[in-house]
2 protein chains.
Amino acid sequence: MQELKDRILRDGIIKRGGVLRVDSFLNQQLDVGLIDRIGAEFAKEFGGSGATKILSIEASGIAIAFAMARVMGLPLVYAKKHASRNLSDDVYKSTVYSFTRMSNTDIYVSKEYISKDDKIIIIDDFLANGSALSGLVDIVNMAGAELIGCGVVIEKAFQGGGNALRERGIRVCSLAKIISMEDNDIVFE
Amino acid sequence: MQELKDRILRDGIIKRGGVLRVDSFLNQQLDVGLIDRIGAEFAKEFGGSGATKILSIEASGIAIAFAMARVMGLPLVYAKKHASRNLSDDVYKSTVYSFTRMSNTDIYVSKEYISKDDKIIIIDDFLANGSALSGLVDIVNMAGAELIGCGVVIEKAFQGGGNALRERGIRVCSLAKIISMEDNDIVFE
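Residues numbered from 1 in each chain as written. Chains lettered and ligands numbered in written order. Predicted model: local features only at pLDDT ≥ 70, side-chain atom pairs only at ≥ 80, totals over all residues. Heavy atoms only, no water.

**Student:** Can you walk me through the relation of the copies chain A and chain B in this structure?
**Tutor:** With an RMSD of 0.0 Å, the fit of chain A onto chain B corresponds to turning through 180 degrees and sliding 0.0 Å along the axis. Here the transformation between the copies is reduced to the relation of a two-fold axis. A shared interface surface links the copies, since 100% of the contact residues of chain A are contact residues in chain B too. (Least-squares fit on C-alpha atoms with pLDDT ≥ 70 in both. Contact = heavy atoms within 4.5 Å.)

Written as structure tokens, this is what we have:
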């Protein structure tokens, strides 16, 4: 998606340890028009797939998945990172490692919201080591639902998570695939 | 907002300790059409206010604030509940008590994203004791920005947070104001 790549080149900030900050437009301050267009791009990519639900994960996946879900007219479900009194007690649970937080987090989805009859598209902002997507794939599998594929806004391909998922036969669509961030230079595939 | 009240009566579940579960349509599984209409309702409520930005808080405020921000054509900023390597180090920080998690959480907004020239509308899903909104108001004040008002989807008025904010002169708009949940019976104002 050219507009997205241009925006990453303009406003993305490379930090030590392979971290790319895009919080000025994607995951703390949101350029709402851009995210609407990202949602439409995902909807086009997965159009005609027979999806019944979009699955994402709090927090930074939510707005992107919402923008897509509204174009497709589908419900959105997002995994929570905290047990809470306003959730069901009967949940699917997986564990993900956050690259930016450098710690493990349990994630939860109420069993009521994914069933074996569902066809799921997973949406998130970043794909680095693939841990968050793998955790969401686990939950889709626990529910016995069908996984249509995964859509991510930015894939840091050099961290290997995307290819590990593809090698498992999972369809992964990334709108901006970065193959290198060396010497402060962002290179797309 | 009548559609919202009808939906709360139909699908809301009262749990012990004054907890209202609406996660089947508002904050884990999202009825995207309803949330679009909630966003439009807030946009109507705060139309003509000269707002420059919407401020919300992860995770369950994000979709609602996004739905509003896209109608108003404004950027959305949301407070994070975790320090992270993909955030700026230069942040406004406040502390909020979560009623549903029964614990304190620090919240962060990068200083880059709110300035003294901004006019802010704060949006969240629930208003109970008012701690999350108070924390966001603190951040608006730290930035020297102007607070236009706060919009919440569901106010549990019997927990007092809304009136405490109103007594400070803050405009608070709630789309469904619950005055009692006794005997498993939800009563709106």
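**Student:** Quick question: what am I supposed to make of the sheet that holds strand β8 (residues 119–127) of chain A here?
**Tutor:** Adjacent strands of a sheet pair through backbone hydrogen bonds, lying either parallel or antiparallel. The strand order across the open sheet formed by 7 strands is β11(A)-β10(A)-β9(A)-β8(A)-β4(A)-β5(A)-β3(B), and the pairing between neighbours is mixed. Of all the strands in the sheet, the pair left with one neighbour each is β11 (187–188) of chain A together with β3 (29–30) of chain B. Where strand β5 (residues 76–79) of chain A meets β3(B), 2 bridges bridge the pair, whose relative direction is antiparallel. Bridged to Val77(A) within β3(B) is Gln29(B). (Pairing = 2+ DSSP bridges. Helix = DSSP H or I, 4+ residues; strand = E, 2+ residues; numbered from the N terminus.)

**Student:** What is the right way to read the pairing of strand β9 (residues 146–156) of chain A from this model?
**Tutor:** The side chains of a regular strand alternate, residue by residue, between the two faces of the sheet. Residues and elements named next belong to chain A. In terms of burial, β9 is a largely internal element, 9 of the 11 residues being buried. Two strands pair when backbone bridges link them, and β8 and β9 are joined in this way by 8 bridges, in the parallel orientation. Within β9, the position partnered with Phe-126 by the bridge is Ile-154. Handedness of the β-α-β unit built from β8, helix α5 (residues 131–142) and β9 comes out right-handed. Bridging between β9 and strand β10 (residues 172–180) involves 6 bridges; their strand directions are parallel. Bridge pairing links Gly-151 to Cys-173 in β10. In this region the chain leaves β9, passes through helix α6 (residues 161–167) and returns to the parallel neighbour β10; the handedness of that crossover is right-handed. (Buried < 20%, exposed > 50% of the residue type's maximum accessible area, 1.4 Å probe, protein only. Right-handed = clockwise from strand over helix to strand, strands pointing away.)

**Student:** Got a minute to help me understand the packing of aromatic side chains in this structure?
**Tutor:** The geometry of an aromatic ring pair is captured by two quantities: the separation of the ring centres and the angle between the planes. Counting across every chain of the model gives 1 aromatic pair over all chains. Plain terms: the ring middles of Phe66(A) and Phe66(B) are 6.0 Å apart, the flat faces sit at 80 degrees to each other, and that makes the pair edge-to-face. Of the two residues, Phe66(A) sits in helix α4 (residues 62–72) while Phe66(B) sits in helix α3 (residues 62–72), which places them in two different chains. Each member of the pair, Phe66(A) as well as Phe66(B), is classed as buried. (Phe/Tyr/Trp six-rings, centres within 6.5 Å; stacked < 30°, edge-to-face > 60°.)

**Student:** Quick question: what am I supposed to make of helix α4 (residues 131–143) of chain B here?
**Tutor:** Since the α-helix packs 3.6 residues into each turn, any two residues three or four apart lie on the same face. All names here are of chain B. The terminal C-alpha atoms of α4 lie 19 Å apart, and with 13 residues this matches the ideal 18 Å at 1.5 Å per residue to within 8%. Along α4, the positions that sit buried rather than exposed are Ser-131, Leu-133, Gly-135, Leu-136, Val-137, Ile-139, Val-140 and Ala-143. Looking one or two residues past α4, Gly-144 carries a phi angle of roughly 70 degrees, positive in sign. (Expected span 1.5 Å × (residues − 1).)

**Student:** Just checking my understanding: could you explain the pattern of salt bridges for this structure?
**Tutor:** Enumeration according to the criterion identifies 30 salt bridges over all chains in this entry. Lys93(A) serves as the salt-bridge partner of Asp106(A), at 3.6 Å between the closest nitrogen and oxygen. With Asp106(A) in strand β7 (residues 103–110) and Lys93(A) in strand β6 (residues 91–98), this residue pair connects regions lying 13 residues apart in the sequence. The partly exposed category is assigned to Asp106(A), whose relative accessible area is 27%. Put simply, Glu155(B) and Arg166(B) hold a salt bridge, and the shortest N to O gap is 2.7 Å. Placement of the pair is Glu155(B) in strand β9 (residues 146–156) and Arg166(B) in helix α5 (residues 161–167), with a sequence separation of 11 residues. Through salt bridges with shared partners, a single network forms among Arg7(A), Arg10(A), Asp11(A) and Asp31(A). (Salt bridge = Lys/Arg side-chain N within 4 Å of Asp/Glu carboxyl O.)

**Student:** Whenever I open this one, the pairing of strand β8 (residues 119–127) of chain B confuses me. Can you help?
**Tutor:** All names here are of chain B. The element β8 is extensively covered by neighbouring structure, given that 8 of its 9 residues are classed as buried. Summarising the sheet, strand β4 (residues 53–57) and β8 pair through 3 bridges and their orientation is parallel. Among the inter-strand pairings, Ile-54 is bridged to a residue of β8, identified as Ile-121.

**Student:** Help me out: how do you make sense of the state of the cysteines in this one?
**Tutor:** Here, disulfide denotes a covalent bond that connects the sulfur atoms of two cysteines. Residue and element names in this part refer to chain B. Going through the model one piece at a time under the given rule, you end up with 0 disulfides over all chains. Looking at Cys-150, it has no disulfide partner, and the nearest cysteine sulfur is the one in Cys-173, 9.9 Å off. Under the relative-accessibility criterion, Cys-150 is labelled buried at 0%. (Disulfide = S-S within 2.5 Å.)

Everything listed here is a matter of geometry and, on its own, says nothing about what the molecule does.
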